[in-house]
Amino acid sequence: MRQTILDQIATALANCKKHFIREQDIQFYLYTYFLQSGNYDNVFYEYHVPSELMPPYLWNDVHNIYIDIVLEKNNEFYPIEIKYKTTKEKLSHLVFGQNVNVLLGHHGAQNIGCYDFWKDIKRIEYFEEVFHFVKRGIVIFASNDPSYMKPPRNTTIGYAPFSIHQGRNVAAGTQLNWNGAGSTANGRPGFTVNHDYTISWIKLPFQHHYYILA
């Protein structure tokens with residue numbers, strides 16, 4: 001079932017005819033796509049999980065956990081998390097029936113962006129561990145920032161263990177920790193991943209945008 005969902009996400013993104021301006025645009029586009037497919041018993045948007053149901057939870061300063069999309073089929077649940085990190089770029093966008101150019105925001109802080117990708121992966125692994133009916137979910141990371149796709153210049157750089165460069169393989173049981181990242185690591189603990197992951201960037205059907213499915 002998970003592979004079917006991965007294939008559906010790839011098809012939905014490949015067939016998209018508009019630019020995504022915000023992370024919520026991707027979220028709602030896929031939510032609508034899954035809802036209209038009729039393939040699922042339920043499609044949930046911003047699914048709420050109280051953090052006290054998930055001991056031990058690494059990010060215990062969060063009292064309410066929201067999962068971007070959850071698919072339910074035959075009493076099995078598949079969580080989907082989405083990240084969209086951008087650098088400045090002018091894109092055409094339809095506003096009140098008029099085509100205009102809008103400027104994407106510049107998120108920067110690629111080290112934190114990389115960490116947030118792996119954090120979403122670990123969160124989904126937690127759901128899978130804690131809740132019997134949760135199956136292995138999916139993380140989507142989209143960006144027009146090419147620096148995410150390149151390996152760190154130096155493997156000793158602080159965020160290197162969290163890099164999401166093209167072709168990277170992370171084996172189940174790998175411990176991801178900061179390399180002396182100082183204050184950046186505060187509130188961003190390391191962790192061990194439960195599954196194998198391969199980073200393979202896929203081009204979206206508009207200029208300079210790529211995404212990962214993991």
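Everything here concerns the structure above.
Structure report, in brief.

Rules of the game
- Residues numbered from 1 in each chain as written.
- Predicted model: local features only at pLDDT ≥ 70, side-chain atom pairs only at ≥ 80, totals over all residues.
- Heavy atoms only, no water.
- Helix = DSSP H or I, 4+ residues; strand = E, 2+ residues; numbered from the N terminus.
- Rg over C-alpha atoms; globule rule 2.2 N^0.38 Å.
- Buried < 20%, exposed > 50% of the residue type's maximum accessible area, 1.4 Å probe, protein only.
- Areas by Shrake-Rupley, 256 points an atom, 1.4 Å probe, with all protein chains shown as cover.
- Core = buried A, V, L, I, M, F, W, Y, C linked by side-chain atoms within 4.5 Å.
- Contact = heavy atoms within 4.5 Å.

**Quick notes on the overall build of the chain**
Phase 1 of the analysis: Counting its secondary structure elements, the chain contains 3 helices and 12 strands.
Phase 2 of the analysis: Taking 17 Å as the expected radius of gyration for a compact globule of 214 residues, we find that the chain reaches 17 Å, a close match to that expectation.
Phase 3 of the analysis: Principal-axis analysis of the C-alpha atoms gives the chain an extent of 50 × 45 × 30 Å.
Phase 4 of the analysis: Within the chain, buried positions represent 46% of all 214 residues.
Phase 5 of the analysis: Of the roughly 10800 Å² that the chain leaves accessible, carbon and sulfur atoms contribute 50%.

**A few points about the nonpolar core**
Phase 1 of the analysis: Among the nonpolar cores identified, the biggest contains 34 residues, and Phe117, Trp118, Phe162, Ile164, Phe191, Trp201 and Ile212 are the most heavily contacted of them.
Phase 2 of the analysis: Elements that contribute at least two residues to this core include exactly β2 (64–73), α3 (110–130) and β6 (138–143).
Phase 3 of the analysis: Here this core takes 8 residues from α3, the largest share from any one element.
Phase 4 of the analysis: When neighbours within four sequence positions are excluded, Ile164 is seen to be in contact with Cys114, Phe117, Trp118, Phe141, Tyr148, Ile199, Trp201 and Ile212.
Phase 5 of the analysis: In terms of nonpolar packing, the next biggest core, distinct from the first, is built from 29 residues, Ile26, Leu30, Ile80 and Tyr84 among them.

**Description of the environment of Val170**
Phase 1 of the analysis: Mapped onto the secondary structure, Val170 falls in strand β7 (residues 169–170).
Phase 2 of the analysis: By relative accessible area, Val170 is classed as buried at 4%.
Phase 3 of the analysis: Residues Val170 and His195, spaced 25 residues apart in sequence, show a C-alpha to C-alpha distance of 8.3 Å.
Phase 4 of the analysis: Contacts of Val170, omitting those with residues within four sequence positions, involve Trp118, Val193, His195, Asp196 and Tyr197.

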